[in-house]
Amino acid sequence: MAINSIFDIAGSGMTAQSVRLNTTASNLANADTASSSIDQTYRARKPIFAAVHQDALNAAIPPSINDDASRGVEVRAIVESDASLERRYQPDHPMADADGYVFYPNVNVVEEMADMMSASRSFQTNVEVLNSAKTMMQRLLTIGQ
Amino acid sequence: MAISFDKALGIHEQALNVRTRRAEVLANNIANADTPGFRARDIDFKAVLRQAKSIEDSLEVVTTDDAHMAIKTPAEGALLYRQPLQPSIDGNTVDTQTEIVQYSKNALDFQASFEFLNSRLKGIVSAIKGE
């Protein structure tokens, strides 16, 4: 029954959005993590979303309308942002390097907040899809009663 | 007089099938609302149902060997791309609002088809029981 795959699809959406929320939480938590070298400084992390394409040659799956459509979404990778780090002159800071500079992560707090809102909304939408698929399924089970 | 279930149930069984498939496609659009480059899909319900009906009426092809390829499904080629109203910078054409509206509408239509099918079944049952 195709309704089963709706559960998978909405579930994959929820998983992807919660990974996005996770990275946002990590970015926000580390927004002020100072460091004395470029290499050790935290960099903003972003998930890369990609549509899941099923194997067209998989004989186990009967041909259906969705052969050339994707089935859900996946997080292909989590990448670190290449944006330049913030370099502040703070000679009194305990983490300051020999020249008196401290490095701060390239986390844009405003951007992260917007991302967080977007992720939680999308998560909610997927939950609603899941719920209505559940209702459809329950209706189907009552057929003939 | 024999009861033909196929005739008694009418088109509603196929309608339910197409409705669930459409729900799947729309759910996939919603899940990929944040995927860069993803293009929203939808199916033309009327066209698919018409095709499903015509395939059912035609002769069936039997595959007797593993190497045989399955017959093209009625829904072949019916998966269309949605025309976006507003371009987005990452090439994603999912408009979550549109998709949610279509999804809920589709779920309601599913219920309608279900009710028709269910009442037909109930009719058959009471006919069998002779009530």
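This is a predicted model, so every value here is computed, not measured. (Residues numbered from 1 in each chain as written. Chains lettered and ligands numbered in written order. Predicted model: local features only at pLDDT ≥ 70, side-chain atom pairs only at ≥ 80, totals over all residues. Heavy atoms only, no water.)

A. Just the UniProt feature "domain: Flagellar basal body rod protein N-terminal" (unreviewed entry) in chain B, in detail. With numbering matched to this structure, UniProt assigns "domain: Flagellar basal body rod protein N-terminal" (unreviewed entry) to residues 11-39 of chain B. Annotation note: span residues 11-39 of chain B, helix share 69%, strand share 0%, distance between end C-alpha atoms 31 Å. (UniProt positions renumbered as here; feature names shortened; annotations may be inferred. Helix = DSSP H or I, 4+ residues; strand = E, 2+ residues; numbered from the N terminus.)

B. Inspection of the environment of Asn22(A) at higher detail. Relative to the assigned elements, Asn22(A) resides in helix H1 (residues 2-29). Between the alpha carbons of Asn22(A) and Val109(A) there is a distance of 15 Å; along the sequence they are 87 residues apart.

C. Highlighting the packing of aromatic side chains. Residues and elements named next belong to chain B. Per the stated rule, a full pass over the model turns up one aromatic pair over all chains. If you follow arginine 39 out to its NZ or CZ, it ends over the ring of tyrosine 81, 4.2 Å from the centre. Looking at arginine 41, its charged tip hangs above the ring of tyrosine 81, at a distance of 3.9 Å from the centre. (Phe/Tyr/Trp six-rings, centres within 6.5 Å; stacked < 30°, edge-to-face > 60°. Lys NZ or Arg CZ within 6 Å of the ring centre and 35° of its normal.)

D. Spatial organisation of the packing of helix H2 (residues 12-31) of chain B against helix H4 (residues 96-129) of chain B. Residues and elements named next belong to chain B. One can describe the packing of H2 onto H4 by two numbers: an axis separation of 9 Å at closest approach and a directional angle of 160°. On the basis of their axis angle, the class for H2 and H4 is roughly antiparallel. The chirality of how H2 crosses H4 is left-handed. Counting all contacts with H2, which are made through His12, Glu13, Ala15, Leu16, Arg19, Thr20, Arg22, Ala23, Leu26, Ala27, Asn29 and Ile30, the residues of H4 involved are Glu99, Ile100, Gln102, Tyr103, Asn106, Asp109, Phe110, Ser113, Phe114, Phe116, Leu117 and Arg120. (Axes fitted to C-alpha atoms, helices over the stretch in contact; angles between N-to-C directions. Parallel < 35°, antiparallel > 145°, perpendicular 65-115°, else oblique. Left-handed = near helix turned anticlockwise from the far one by under 90°. Contact = heavy atoms within 4.5 Å.)

E. Layout of the side chain of Ser122(A). Here Ser122(A) is to be found in helix H2 (residues 109-141). Within the structure, Ser122(A) has its side chain in polar contact with the side chain of Asp34(B) (distance 2.9 Å). In this view, Ser122(A) contacts Gln17(A), Arg20(A) and Asp34(B); residues no more than four positions away in its chain are not counted. (Polar contact = N/O pair within 3.5 Å; in protein donor to acceptor, adjacent residues only side chain to side chain.)

F. Examining H2(B) more closely. Here H2(B) is 20 residues long and its end C-alpha atoms lie 28 Å apart, about the 28 Å a rise of 1.5 Å per residue gives. Counting buried positions along H2(B) yields 17 of 20 residues, so the element is predominantly enclosed. (Expected span 1.5 Å × (residues − 1). Buried < 20%, exposed > 50% of the residue type's maximum accessible area, 1.4 Å probe, protein only.)

G. Examining the interface of chain A and chain B more closely. Contacts between the two partners involve 37 residues from chain A, matched on the other side by 35 residues from chain B. Roughly 2,900 Å² of surface becomes buried between chain A and chain B when both sides are summed, with 64% attributable to carbon and sulfur atoms. Taken together, the links from chain A to chain B amount to three salt bridges. Two residues, Arg139(A) and Glu115(B), come together in a salt bridge whose shortest N-O distance is 2.1 Å. (Buried area = accessible area lost by both parts, 1.4 Å probe. Salt bridge = Lys/Arg side-chain N within 4 Å of Asp/Glu carboxyl O.)

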